[in-house]
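Residues per chain are reported as follows:
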Amino acid sequence: MMDFIYNFWENQAEKYGASHEASWGDVYAIDLEINNIASHISEGKSVLDVGCANGFALIKHAQNFKLAESNGIDFSPKMVEMANMALAKAENNSPIHFSVGDIRCLDFPDAKFDIVYTTRVLINLPNWQEQIKGIDECIRVTKPGGKIIFSEAFWEPLVKLNALRIIFGLPSLVEHDFNRYLKKSNLNAYLNSIKTEFEVNDFSSLYYLGSRLIRDLIPESKTFVGYDNPVNKIFHNIEKDFSGGDVGIQQAYIIKKPLS
Ligand SMILES: C[S@@+](CC[C@H](N)C(=O)[O-])C[C@H]1O[C@@H](n2cnc3c(N)ncnc32)[C@H](O)[C@@H]1O
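Residues numbered from 1 in each chain as written. Predicted model: local features only at pLDDT ≥ 70, side-chain atom pairs only at ≥ 80, totals over all residues.

A. Highlighting the packing of helix α2 (residues 27-38) against helix α9 (residues 230-241). Two numbers describe how α2 lies on α9: the axes approach to 10 Å, and their chain directions differ by 15 degrees. By the angle between their axes, α2 is roughly parallel relative to α9. Seen from above, α2 lies across α9 with right-handed handedness. Residue-level inspection shows Y28, D31 and L32 of α2 in contact with α9, the latter providing N232, K233, H236 and E239. In terms of residue class, the contact of α2 with α9 is made up of two nonpolar, two polar and three charged. (Axes fitted to C-alpha atoms, helices over the stretch in contact; angles between N-to-C directions. Helix = DSSP H or I, 4+ residues; strand = E, 2+ residues; numbered from the N terminus. Parallel < 35°, antiparallel > 145°, perpendicular 65-115°, else oblique. Left-handed = near helix turned anticlockwise from the far one by under 90°. Contact = placed C-beta atoms within 7 Å. Nonpolar A, V, L, I, M, F, W, Y, C, P; charged D, E, K, R; others polar.)

See the structure below:
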């Protein structure tokens, strides 16, 4: 299973190089993700992007904020190679270092970073026990009082979205065969059990409503098969002004590491 996932990401890096498509074709969703993460970053902080792929997001954050330090790790050496190539061409405000590593065993000391984030990385781990290892590692390397952001895909909003699709006779959406969307119920219970404060940013629900339901109900929009469908664009704009609804598969858990 892990070899299959590893090979998939190595191939994505080879095929798409520095493009966002190496991680996902949905440019509007990626923009919403990056903006959401950015809303938790500020100047002077040290940041770790866990599962950084080709560095597409981290390089943007390091350009937009003068960070004390920024690190990106990914288990695909090819992704890290692409990240370093993109870094060589980029003008940055902050020092960046990319390296190969596994979220389940991070090669950093305890309490090193102010902000640690993942975007669609835990969902690559084969089961909840492995996902907990990744969650614990991200918390371990965060400073007390620092923030951990898990911007991931979740099971419950997928079920809600599919319930709406069924009303209109549309086929259900499914996970990639190797993804294991996180269950909000599991994550809530786990974070409560380790006495961690958290909030959830539902930053993509209206975008999902437009791009994964309404667009399929408009006959004219069916001629646009890709993510650049005009309906996606419209709902990407709407999402900037309104949010909520809990049908956005991508959501972000913002966790505050306790001071002691
Ligand atoms: C969906 S992509 C997301 C990439 C990036 N976070 C982004 O937002 O563009 C998932 C990334 O996680 C990496 N990955 C998968 N399993 C991993 C693991 N166990 N440890 C570290 N990285 C992993 C993959 O190589 C891939 O680059």
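B. Main features of unusual backbone geometry. One non-glycine residue, R120, adopts positive backbone phi at about 55 degrees. Residue position: R120 is located in the loop between β4 (113-119) and α5 (128-140). When the 20 C-beta atoms within 10 Å are taken as the criterion, R120 is described as buried. Although it is not a glycine, D246 sits at a positive phi angle of roughly 60 degrees. Position of D246 among the secondary structure elements: in the loop between α9 and β7 (250-256). (Buried ≥ 20, exposed ≤ 12 C-beta atoms within 10 Å, placed from the backbone.)

C. Examining the sheet that holds strand β1 (residues 46-50) more closely. Pairing within the open sheet is mixed, and its seven strands lie in the order β3-β2-β1-β4-β5-β7-β6. Because the sheet does not close on itself, it has two edges, and the strands there are β3 (96-100) and β6 (197-201). Pairs of neighbouring strands in the sheet enclose a mean axial angle of 15 degrees, with direction left out of account. Looking at chain direction, β1 and strand β2 (residues 69-74) are connected through five bridges and run parallel. Its bridge partner being in β2, D49 is matched across the sheet by G72. (Pairing = 2+ DSSP bridges.)

D. Spotlight on helix α8 (residues 205-217). Compared with the 18 Å implied by 1.5 Å per residue over 13 residues, the 17 Å span of α8 between its first and last C-alpha is a close match. Remark: the principal bend of α8, roughly 30 degrees, maps to S211. Turning to α8, its buried residues are S205, L206, Y207, Y208, G210, S211, R212 and L213. Buried residues belonging to α8 abut α2, α6 (155-167) and α9. (Expected span 1.5 Å × (residues − 1). Bend = angle between axes of the 7 residues up to and from the residue.)

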